[in-house]
Amino acid sequence: MALTLTCPICGKRNGYEFRFGGEDKGPRPPEEGLTPGAWCDYVHMNNCTAGVQKEWWFHRDGCGSWFTTWRDTTRNLEAEPPEANK
Amino acid sequence: MADIRRQSPMRFNTGPCRTEVRDNWTVTLAYDDEGDGPWLTDLAHKIRWDLQDGNIDAVKPSGLTIPASPGRCTLAGGTLINRMNGTQASIYHLGAKAPALPDFAGYTDVSESMVFLALFGPGVFYIAEKLTNLDFMDPAGKAPFLLQGPFCHIPCQIVILEKTPDGSGGFLLTCSRGYGDSMVAAILKAGAEFNLRPAGENRFDTWISCLSGEI
C-alpha cells in the first residue's frame, strides 16, 4: 500500500509529495565539550528502528513545511499524526 | 531608451481578436471563438506578491486582514490574499490596476517569475481531476480556499474561487514560469473533451465581478 502522510498545513496527502528528512535524533548536541566522535555519531549514526519511529519529513510538492511524524517502518504506514497536530 | 516588453510564459495556438498593451504586457481581451465554456485565461500580467514575516498577522496588505488559518483566503476589492503557512501569504491583484509594492522588506513581487492562469466555467473540475489527485470538491473546503500541491505533477498554488456540486466553478493556478507551455498543453489536451477554450481577460473580469458581487 502506498504511503500517505498528514502534513500539519495541508492535511493527508500522497507520500510522493514528501521528501524524507531522516530520523528525528533530538536537538543538536551542545558544542561545548563535543568530541568529533560524538558529532559523527549524531550526524551519521541511525537507530533504524523496526517499528514506529519519529522522523522528519518535508512537504516538497506542497506547502514547503518541515515537520516530524511517526511512521511504522515495518509496514510503511503513518502510525500517529504529526507532532505539530498534537 | 527602448521600452521593455513583458512576455507571458504561456502561449495559445488560437490568435487573439482584441489586445491592448498595459504596463508593457500585451494583454488579450478576447479571442474569436471562446465557446460556451469552460475557459482558460492567461493572467500573467496580473500583479502577484509574496509576503513573509514572523509577525504576519499584523500586516495589512491593501488594508485587508490576512486570514488566520493556512489554506484560507480573502477576496475583496479585486485583491485576493491566501494564507500559506504560519509566516507566509500570497497576494494576487485581480483588478485592472495594482497598487505599488509597499515599502516593507517582507514583500516580493513574483509576477514575472510565475505562471498565472484561471480555469473556470461549466464542468471545470472534471478537467482538474484528470490532472491532479488534489480534492478540489472537498465538502469541507468553503470557497475561496487554497490548495498547495501537485497539478500535472508540478508544485502549484491553487485557489478555488467558486465550486458547485455539478463540478462547475473556477480556480486560479500559479506555478514556476518554466512550466508555462507544458502546463497549457496538458490542460488544453485534458479539456478537449469538455470543449475547453482560451478566453480573454474580459470574460475573466466578468466572472470575478460576479463572484465579488459587483454586477
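Conventions and cut-offs
- Numbering of residues starts from 1 in every chain and runs along the sequence as written.
- Each chain takes a letter, starting from A, and each ligand takes a number, starting from 1, following the order in which they are written.
- The model is predicted, so local features are restricted to residues of pLDDT at least 70 and side-chain atom pairs to those at 80 or more, both for listing and for counting; the totals for chains, interfaces and linings are taken over all residues.
- Derived side-chain values reflect all non-hydrogen atoms in the structure, with water molecules and hydrogen atoms excluded from consideration.
- Going along the chain from the N terminus, every DSSP run of H or I of four or more residues is numbered as a helix, and every run of E of two or more is numbered as a strand.
- Each radius of gyration reported is based on C-alpha atoms, and the globular scaling rule is 2.2 Å times the count of residues to the power 0.38.
- For every residue, the accessible area obtained with a 1.4 Å probe (protein chains only) is divided by the maximum for its type, and the residue is called buried under 20%, exposed over 50%, and partly exposed between those limits.
- Contacts: residue pairs with any heavy atoms within 4.5 Å of one another.
- Only the protein chains shown count as cover for residues, and the accessible areas themselves come from Shrake-Rupley with a 1.4 Å probe.
- A quick way to say it: buried area is the sum, across both parts, of accessible area lost when two parts are put together, with a 1.4 Å probe.
- Just to be clear on terms, a salt bridge is a Lys or Arg side-chain nitrogen sitting within 4 Å of an Asp or Glu carboxyl oxygen.
- For this classification, the nonpolar set comprises Ala, Val, Leu, Ile, Met, Phe, Trp, Tyr, Cys and Pro, the charged set comprises Asp, Glu, Lys and Arg, and every other residue, Gly included, is treated as polar.
- Fitted lines through C-alpha atoms serve as axes, helices being fitted only where they are in contact, and the angles separating the N-to-C directions of these axes extend from 0 to 180 degrees.
- Here is the rule for angles: anything less than 35 degrees is roughly parallel, anything more than 145 is roughly antiparallel, 65 through 115 is roughly perpendicular, and the remaining ranges are oblique.
- Each crossing is labelled by how the near helix is turned from the far one, with a counterclockwise turn of less than a right angle marking it left-handed and a clockwise turn marking it right-handed.
- Joining through side-chain atoms within 4.5 Å is the link that ties buried Ala, Val, Leu, Ile, Met, Phe, Trp, Tyr and Cys residues into a set, and such a set is a nonpolar core.
- Following DSSP output, two strands are said to pair if at least two bridges run between them.
- To pair, rings of Phe, Tyr and Trp, with the six-membered ring standing in for Trp, must have centres within 6.5 Å; the planes then decide the type, stacked if under 30 degrees apart, edge-to-face if over 60, and tilted in the middle.

Draft legend 1. Seen up close, the overall build of chain B. When helices and strands are tallied, chain B shows three helices and 13 strands. For chain B, whose C-alpha radius of gyration is 17 Å, the value lies close to the compact-globule estimate of 17 Å for 215 residues. Its C-alpha atoms give chain B principal-axis dimensions of roughly 55 × 45 × 35 Å. Counting across all 215 residues of chain B, residues that qualify as buried make up 51%. Of all intrachain contacts in chain B linking residues separated by at least 6 positions in sequence, the fraction that spans at least 24 positions is 64%. Accessible surface, chain B: about 10,000 Å² in total, of which carbon and sulfur atoms supply 50%.

Draft legend 2. The arrangement of the interface of chain A and chain B in detail. Each side of the interface is counted separately: chain A has nine residues, and chain B has ten residues. The largest per-residue losses of area from chain A upon contact with chain B belong to A:Ile9, A:Arg13 and A:Asp61, which jointly make up 58% of the total buried on that side. Linking chain A with chain B are zero salt bridges. For the side of chain A that touches chain B, the class distribution of residues is three nonpolar, three polar and three charged.

Draft legend 3. Inspection of the packing of helix α1 (residues 124–131) of chain B against helix α2 (residues 180–191) of chain B at higher detail. All names here are of chain B. At a closest axis distance of 9 Å, the pairing of α1 and α2 adopts a crossing angle of 120°. In this view, α1 runs oblique relative to α2, as classed from their interaxial angle. When you trace α1 past α2, the crossing you get is right-handed. Along its contact with α1, which presents Ile127, Lys130 and Leu131, the element α2 presents Ala186, Ile187, Ala190 and Gly191. Its residues placed into classes, the contact of α1 with α2 shows five nonpolar, one polar and one charged.

Draft legend 4. View of the nonpolar core. Residues and elements named next belong to chain B. Core analysis: the biggest nonpolar cluster contains 30 residues, and Phe136, Phe151, Ile158, Phe171, Leu173, Met183 and Ile187 have the highest contact counts within it. When contributions to this core are tallied by element, the ones reaching two or more residues are β9 (114–121), α1, β10 (145–151), β11 (154–163), β12 (169–176) and α2. Counting residues per element, this core draws most heavily on α1, at five residues. Setting aside chain neighbours within four positions, we find Met183 in contact with Leu117, Phe151, Cys152, Ile154, Cys156, Leu173 and Cys175.

Draft legend 5. How the structure looks around the pairing of strand β1 (residues 4–7) of chain A. Residue and element names in this part refer to chain A. Two elements, β1 and strand β2 (residues 11–14), share four bridges in a ladder whose sense is antiparallel. Counted as the bridge partner of Leu5 is Arg13 from β2. Here β1 hands over to β2 after three residues, the two strands then running antiparallel side by side.

Draft legend 6. Region of the structure containing the sheet that holds strand β3 (residues 39–42) of chain B. Residues and elements named next belong to chain B. Pairing is mixed across the open sheet formed by six strands, whose spatial order is β10-β11-β12-β9-β3-β13. The open sheet has two edge strands, β10 and β13 (197–198), and neither has a second partner. Pairing geometry for β3 and β13, over two bridges, is parallel. Each residue of the ladder has a partner; that of Trp39, found in β13, is Arg197. Relative to β9, α2 is tilted by about 15°, and along the sheet it contacts β3, β9, β10, β11 and β12. Taken strand by strand, helix α3 (residues 201–212) contacts β3, β9, β11 and β12, and its axis lies near 55° from that of β11.

Draft legend 7. Fine view of the packing of aromatic side chains. Residues and elements named next belong to chain B. Applying the stated criterion to the full structure yields 17 aromatic pairs over all chains. Considering the side-chain rings of Trp49 and Tyr107, the 5.4 Å spacing of their centres and the 75° angle between planes classify their relative orientation as edge-to-face. Taken together, the positions of Trp49 in strand β4 (residues 48–52) and Tyr107 in strand β8 (residues 107–109) put the pair 58 residues apart, joining distant regions of the chain. Classification of Trp49 as buried rests on a relative accessible area of 2%. Using a relative accessible area of 8% as the deciding quantity, one classes Tyr107 as buried. Relative to Phe136, the ring of Phe125 has its centre 5.9 Å away and its plane inclined at 75°; by these criteria the two rings are edge-to-face. Of this pair, Phe125 sits in helix α1 while Phe136 sits in the loop between α1 and β10, and the two are eleven residues apart along the sequence. The exposure classification of Phe125 matches that of Phe136, with both residues buried.

Note that all results are geometric; they support no functional claim without further evidence.
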